[in-house]
Amino acid sequence: MSEKAFISANEAAAHGVRLAKPHVVSAYPITPQTTLVEKLADFLAEGKADYKYMMVESEHSAMASALGASMMGARAFTASSSQGLLYMCEMLSYVSGARHPIVMVDANRSTATPWNIYGDHRDALSMRDSGWIMLFVENGQEALDTVIQAYRIAEDPEVMTPVMVNLDGFTLTHTYDMVDIPNQSTVDEYLPGFTTTNKFDLKDPKTLCQTVGPDYHAECRYLQQKAFEAAKQKIEEADREYGSIVGRHYNGMVEEYRCDDADVVLVTMGSVTGTARVVADLLRQNGKKAGLIKIRSYRPFPKEYFAGIKDRFKAIGVVDRSISFGFEGTVFSEVKSCLYGSNTKLANYIVGLGGRDVTKTVISEMYLKLFDLMQGKNGGEEIQFLGMRWE
Amino acid sequence: MSKPKVNSSFKPPSGYNEMFFGASNGVGILPTVNSGFRTFHPEFDYERCIKCMFCWIYCPEGCIDKTGKELTIDMDYCKGCGICAHECPRKCIAMVKDGGLDE
């Protein structure tokens, strides 16, 4: 049993949080995340939830409060975006190093300056090495489902690592779509209550943020790396089991779309994927063998998958909504390193910065460039900004 | 004194299966004495000490014990800062170099 609703991805994610039944929600507003925590306050006011709702004075405090709650053995949630995420940066590594399975939503937004409230991936990708699992979603439905899956992944005893669920600012957070909301008993069947020994307990006193010097520090980090490696399998399992209980799944860490006999593929992450599917379909109608690879888990990165497609396609283009200045698109670097030794031609398309629309026209241009590249024609520079105001 | 004593039976983790989880660990474990960087240590002249307790108040480590007949210092914790000697109004605490012939 479930119900349908026409809601934004922020609202859909809020339903996911409600259904995951956290004990504590710490909330601080920031565009474009605000309507998510507002919705969580509505649920409380309407008697549909019974979490403790903490109104804190900053994003740093939002994550610190969530950490405190988790240290008491509570399931905790918070959300932020852009400058807020950067401000809570210090607490992100506190949470991950101490292995507290908090789930947060980041409504992806550009970072200042120039000041901009619209969507791209600069905020989240700059937190790449914070020790958080990072999942990116394509639409409101996936936002709801992934928040629930995120708790399952984070709290797995072999993982015990926080998860950041990323929704594209405005393109998803403020765009309405039909979403299927599972009922509570279905989610309860999927997601057990949170139990942990990594908490304060008067019968077993411990410190939860100890100093670890050079003598044991590397071993701690090694165990975090092991947890991320274990998470790869757990993300797949969590998604598969969600499919069997709730009836929807997203192919785990990475999804192929029309890739079976494809000559060229685009690699996408987030809401761009939806538009790229439409373009791939149109190209297929015209006999062009275009495919699509959607990255759902950015950390852990699906390294084994990409290493396994080394010479499968003739050209691969990576769509980036962020760039590491002085190098290349952030996602491109990772895909390229997994493909080390491959003969496949590669290109990197930087688009959608600061909320600029990534239209079907722009995505068609990418595919056409890839077909050129495949045929040995000039496909342009390896790294290209597309959809620019001027050439 | 209520400070924990050195736990001589403490064994550090000998493998990943014995590692502490995340950044958590049991409390009250003192695997070694906690006085690492001391060069000088205080010694009382009990003939002149009037137990005014200035040293007890000022000691930043809280390692001066007043429960016995005389004031004593827990050398597992004393860092040798010399504040007790400096504050003593009777100047009856001497700072003596560690590692003397009698040690």
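Look above for the structure.
Only a predicted model underlies this, so the values are computations on that prediction, with no experimental measurement involved. (Residues numbered from 1 in each chain as written. Chains lettered and ligands numbered in written order. Predicted model: local features only at pLDDT ≥ 70, side-chain atom pairs only at ≥ 80, totals over all residues. Heavy atoms only, no water.)

Caption draft 1: Spotlight on the layout of surface pockets. By volume, the largest pocket is sized at about 880 Å³. As for the largest pocket, its lining consists of 41 residues, of which G97, C220, R221, Q224 and Q225 of chain A are closest to the centre. Only helix 5 (89-97), helix 9 (217-246) and helix 12 (330-338) of chain A provide two or more residues apiece to the lining of the largest pocket. The residue inventory of the lining of the largest pocket, partitioned by class, reads 18 nonpolar, 12 polar and 11 charged. Considered as a void within the structure, the second largest pocket measures approximately 500 Å³ in volume. Lining the second largest pocket are 20 residues, and of these Q210 and T211 of chain A together with F10, F20 and N25 of chain B sit closest to its centre. (1 Å grid on protein atoms, 1.4 Å probe; cavity = no way out; pocket = protein on both sides within 12 Å on 5 of 7 lines; lining within 4 Å. Points joined across faces, edges and corners; volume = space filled by probe spheres on them. Helix = DSSP H or I, 4+ residues; strand = E, 2+ residues; numbered from the N terminus. Nonpolar A, V, L, I, M, F, W, Y, C, P; charged D, E, K, R; others polar.)

Caption draft 2: Molecular detail of the packing of helix 10 (residues 272-285) of chain A against helix 13 (residues 360-374) of chain A. Residues and elements named next belong to chain A. Where helix 10 meets helix 13, the axes come as close as 9 Å, and the angle between the chain directions of the two elements is 60°. Considered as vectors, helix 10 and helix 13 are oriented oblique to each other. Seen along the crossing, helix 10 lies across helix 13 with a hand that is right-handed. Residues V272, T275, A276, V278, V279, A280 and L283 of helix 10 form the contact with helix 13, whose participating residues are K360, I363, S364 and Y367. Grouping the amino acids of the contact of helix 10 with helix 13 by side-chain chemistry returns eight nonpolar, two polar and one charged. (Axes fitted to C-alpha atoms, helices over the stretch in contact; angles between N-to-C directions. Parallel < 35°, antiparallel > 145°, perpendicular 65-115°, else oblique. Left-handed = near helix turned anticlockwise from the far one by under 90°. Contact = heavy atoms within 4.5 Å.)

Caption draft 3: Seen up close, the packing of helix 1 (residues 9-20) of chain A against helix 7 (residues 140-154) of chain A. Residue and element names in this part refer to chain A. At a minimum axis separation of 7 Å, helix 1 and helix 7 run at an interaxial angle of 30°. Considered as vectors, helix 1 and helix 7 are oriented roughly parallel to each other. For the element pair helix 1 and helix 7, the recorded crossing hand is right-handed. Facing helix 1, whose interface residues are A9, A12, A13, H15, G16, V17, L19 and A20, helix 7 presents G140, A143, L144, V147, I148 and Y151.

Caption draft 4: Main features of the nonpolar core. Residues and elements named next belong to chain A. Formed by 50 residues in total, the largest nonpolar core has its most connected members in L40, F77, V105, I133, V165 and L167. Ranked by residues supplied to this core, first place goes to helix 7 with eight residues. When residues no more than four places from it in sequence are discounted, the contact partners of V165 are V103, M104, V105, D106, L135, V137, T146, V147 and A150. Core analysis: the second largest hydrophobic core is formed by 45 residues, V56, M104, M269 and I309 among them. (Core = buried A, V, L, I, M, F, W, Y, C linked by side-chain atoms within 4.5 Å. Buried < 20%, exposed > 50% of the residue type's maximum accessible area, 1.4 Å probe, protein only.)

Caption draft 5: Region of the structure containing the interface of chain A and chain B. Contact with chain A, which involves 17 residues of that partner, is made by 12 residues of chain B. Contact with chain B buries area across many residues of chain A, yet Q210, Y216 and L223 of chain A alone supply 37% of it, more than any other trio. Where chain A packs against chain B, one counts zero salt bridges. Viewed at the interface, chain B and chain A are joined by five residue pairs in polar contact (both at pLDDT 80 or more). Contributions of two or more residues to the side of chain A that touches chain B are made by strand 9 (206-207) and helix 9 of chain A. Top element by residues in the side of chain A that touches chain B is helix 9 of chain A. It accounts for four residues. Of the residues contributing to the side of chain A that touches chain B, the split by class is 10 nonpolar, four polar and three charged. (Buried area = accessible area lost by both parts, 1.4 Å probe. Salt bridge = Lys/Arg side-chain N within 4 Å of Asp/Glu carboxyl O. Polar contact = N/O pair within 3.5 Å; in protein donor to acceptor, adjacent residues only side chain to side chain.)

Caption draft 6: Molecular detail of the state of the cysteines. Taken as a whole and judged by the stated rule, the model has zero disulfides over all chains. With no disulfide of its own, C92 of chain B lies closest to C88 of chain B among cysteine sulfurs, the gap being 3.6 Å. (Disulfide = S-S within 2.5 Å.)

Caption draft 7: A look at the pattern of salt bridges. Residues and elements named next belong to chain A. Throughout the structure, instances matching the rule amount to 32 salt bridges over all chains. For K48, the salt bridge goes to E46, with nearest N and O atoms at 3.0 Å. Relative accessible area serves as the criterion here: at 44%, E46 is assigned to the partly exposed category. Between K234 and E158 there is a salt bridge, with its nearest N and O atoms 3.5 Å apart.

Caption draft 8: Region of the structure containing empty space enclosed by the protein. All names here are of chain B. Considering all chains together, one arrives at one cavity of 30 Å³ or more under this definition. If you add up the space inside the largest cavity, you get close to 80 Å³. In terms of lining residues, the largest cavity is bounded by 14 residues, among which C49, C52, C55, C88 and C92 are the most central. Classifying every residue of the lining of the largest cavity gives 12 nonpolar, no polar and two charged.

Caption draft 9: How the structure looks around the side chain of D239 of chain A. Residue and element names in this part refer to chain A. Here D239 shows up in helix 9. With no salt bridge to any partner, buried D239 finds its closest opposite charge in R296, at an N-O distance of 4.0 Å. A distance of 2.9 Å separates the side chain of D239 from the side chain of Q149, its partner in a polar contact. Discounting residues that sit within four places of it in the chain, D239 has contacts with Q149, Y190, R248, H249, Y250, N251, G252 and R296. (Lys, Arg positive; Asp, Glu negative; His and termini not counted.)

Caption draft 10: Structural context of the sheet that holds strand 12 (residues 290-295) of chain A. Residues and elements named next belong to chain A. Spatial strand order, 10-12-11-14-15-16: six strands in an open sheet with mixed pairing. Strands with a single pairing partner mark the edges of an open sheet, and in this sheet they are strand 10 (254-257) and strand 16 (383-385). Within the sheet, the average angular offset between the axes of one strand and its neighbour, ignoring direction, is 20°. In terms of strand pairing, strand 15 (residues 345-350) meets strand 16 through three bridges, oriented parallel. Note that in strand 16 the partner of N348 across the bridge is I383. (Pairing = 2+ DSSP bridges.)

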